[in-house]
Amino acid sequence: METADPTTSTLVVGTWSPVPQIIFGSATDLRIAGGNDENTTAKAADYLAHGNPDSTFVHLDEVDGAGHASGSASDAYLKALNTVDGQVGRLLDAVASRPTYAKENWLVVITADHGHTPTGGYGGNTPLERGTFVIARGQGIEPGSVRNDVKITDIALTVLRHEGVATDPAWNLDGTALSELKPDAFDALRDSLRAPVDETKLPAGTKGWTNTTPEGWTIDNSNMPAGGVTEWHGWSFATDEFWTNAERGQGRESNVRARNVFAVADSDEWDDKAHDAGQFDSTLVSPAFPLNGAATANVSYATNYLIDGPQTGDVYVSYDGGAPQLVKSYRANTNTVEHLKLDVPAGAQSAKLSFRYTGTNSAFWTVDQVAFGQPNPPSQLAVASLRADTELLGRPGTDAPWKVTADGVVRTVQGVPVRGAEVVAELRYGNQVQMLTGTTKTDGSVHFRRPCSRAMPRPPSPSPTCATSTSRTTASSTRSAGWSSPDPPATRADRATPTCRPAGPRASVGSDRAPPPPVYRVGGHRQARICCRGTQHNASRGAPDRVNGGDGDQATQA
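All residue numbers here refer to positions counted from 1 along the written sequence of the relevant chain. Note on the predicted model: pLDDT of at least 70 is required for a residue's local features to be given, and 80 or more for side-chain atom pairs to be given and counted; whole-chain, interface and lining totals, by contrast, use all residues. In computing side-chain properties, one takes all heavy atoms of the structure into account and sets aside hydrogens as well as water.

A. Up close: helix H2 (residues 37-50). Helix numbers and strand numbers start at the N terminus; a helix is a DSSP run of H or I with at least 4 residues, a strand a run of E with at least 2. Every helix has an expected span of 1.5 Å times one less than the residues it contains. The end-to-end C-alpha separation of H2 is 20 Å, in line with the 20 Å expected for 14 residues at 1.5 Å each. All buried positions along H2 are accounted for by Asp37, Thr40, Thr41, Ala44, Ala45, Leu48 and Ala49. Along the axis of H2, the buried residues cluster in a sector spanning 145°; they form a single face. Contact criterion: two residues are considered in contact whenever any of their non-hydrogen atoms come within 4.5 Å of each other. Elements in contact with the buried residues of H2: strand E1 (10-14), strand E3 (55-59), helix H3 (62-70) and helix H4 (75-96). Polar contact is the term for a pair of N or O atoms within 3.5 Å; when the atoms are in protein, one must be able to donate a hydrogen and the other to accept it, and sequence-neighboring residues count only if both atoms are side-chain atoms. Two to three positions downstream of the cap, the backbone nitrogen of glutamate 38 sits 3.2 Å from a side-chain oxygen, assigning the N-cap of H2 to asparagine 36. Throughout, exposure labels follow a simple rule: accessible area from a 1.4 Å probe, protein chains only, divided by the maximum for the residue type, with under 20% read as buried, over 50% as exposed, and the rest as partly exposed. Throughout, the arc means the angular range of directions from the helix axis out to the C-beta atoms.

As structure tokens, this is what we get:
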């Protein structure tokens, strides 16, 4: 926080001296070693009530001391918990007593880094040692709510978001801000989790597994031998509390990136009960994810792949129900959040992911937080409407020039007006070409105006043509749209009425009919083209794209 904004006021008060003196560096504005929890609480409360720290870290240590000395089942431990509860209350009261409290936005987060055994100490893999908590109060946090997907690694990201500090992906932070945590499909299974069937080391009433899939997901166990431990027959869904305590000390505690309910294939535990011949072989299949036309897709998931014998882990993708294509193989221990980029075949409408695990009394593979997304597809501009008008700037029957105007509206194919698009119109009449440029306004509209000389060659041969003063057309293509402007009428009085006449020689001056006006020609058609050549607004992202047009851009004949 100090690096992001050196003017930020930071305070650290800690009972255990390494916290303020070593763990928090010299960039911290004020570091105080309290010596004991009572002194730490008093100093921190004073600064919170009467000072103006933007961010404060307070460390109270005597609960930990009681746990080491007497254990978590002792009266001393319970007394220390009651004492620290009162000290935390004093800190909260100090914050609330601030004269400006009503105008301030405070986030309070309380946690502990570990628990203790009943007789004292920690460092093992029992629930009492590994279990901890996060208690939070602040804007956007529902009072009294309980979540099962929060990790202590989320605290740092939550505080940084609250303080407005941008994070860099290069930091490789494991956590997620509380405001950004979203349940995944597996978490929806929590209320339907089951009690143990074959796992005898768990208390009978413990609920924490199921082989029922969430909506859209399926499990292919067609290659699984019959028998084995029921809970782990093929891919299953479980909680950390259930799975890791089924058999401790075999690495399951390392599954720290999974949250709440996750998918697990465990050939080791499954093999602990007699089964038919054959290896564990099960495939977890995702729902069909819709595709949006973009050329790539992004897949991410948290995974822990641990080997202790013969086993394989493979990820596949299939498009529109086609043959699965290998995306990722696991043959070495891996504990990470994967980010994979897929090349999507042109025209594909949907994609499915498959996670196939095989193993012979080996270890396990966990998968969680599966996410599938795509970048915005290339923006497609369409001239949703176009009105072209011509007006004779003089007396009928003379060689006075004509004024050509065109008003268009540019939108995406989704109907969103495109602002700030540079539009180039190519106006052809006779053997002359003029380039007209314009930029779309907030509503996507663009306006062109240009006077045109009467001088032009005659049509190659007389042929019937139909003329009207206005023309409306809708045209869309991937990058451009065309418009056409037919012959204008002889006078304004004719503006609303199309008239048909042969395209022949020009009438002589003084005749009772005006000569035909300029004709816009492209490839023999009365036509002009609009194409986008400059900065195009991508309405899906709100960011500008570069778009190029050219002679190959499609033109649409009215």
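Additional details are given in the paragraphs that follow.
B. Expanded view of the nonpolar core. Only buried residues count toward a nonpolar core. Its members are Ala, Val, Leu, Ile, Met, Phe, Trp, Tyr and Cys residues joined through side-chain atoms within 4.5 Å. The biggest cluster of nonpolar side chains holds 48 residues, and the ones touching the most others in it are Trp235, Tyr301, Phe355, Trp365 and Phe372. Among the elements that line this core, the one with the most residues is strand E17 (residues 364-373), at five residues. Once residues lying within four places of it in the same chain are set aside, the contact partners of tyrosine 301 are Val315, Lys328, Tyr330, Thr336, Val337, Glu338, Leu340, Phe355, Val367, Asp368, Gln369 and Val370. Judged by nonpolar contacts, the second largest core, of 13 residues, contains Val410, Val423, Ala425 and Cys452.

C. A look at the sheet that holds strand E2 (residues 30-33). A pair of strands is considered paired only if DSSP assigns at least 2 bridges between the two. Across the sheet, three strands lie side by side as E2-E1-E3; this open sheet has parallel pairing. Each edge of the sheet is formed by a strand with only one pairing partner; in this case those strands are E2 and E3. The average undirected angle you get between the axes of adjacent strands in this sheet is 5°. Relative to E3, E1 is paired through five bridges, and the arrangement is parallel. Directly across from leucine 11, in E3, lies its bridge partner threonine 56. Interaxial angles span 0 to 180 degrees and are taken between N-to-C directions of axes, which are lines fitted to C-alpha atoms, for helices over the stretch in contact.

D. Highlighting H3. Those residues of H3 that fall on the buried side of the exposure criterion are Val63, Ala66 and Gly67. An end-on view of H3 places all buried positions within 100° of arc, on one side of the element. Positive phi shows up at glycine 71, right after H3, with a value of about 90°.

E. Region of the structure containing the sheet that holds strand E12 (residues 296-306). Here six strands make up an open sheet; going across it, the order is E6-E8-E9-E17-E12-E15 and the pairing antiparallel. Among the strands making up the open sheet, the edge pair consists of strand E6 (209-210) and strand E15 (334-343). Across two bridges, E6 lies against strand E8 (residues 236-238) in antiparallel orientation. Note that in E8 the partner of tryptophan 209 across the bridge is alanine 238.

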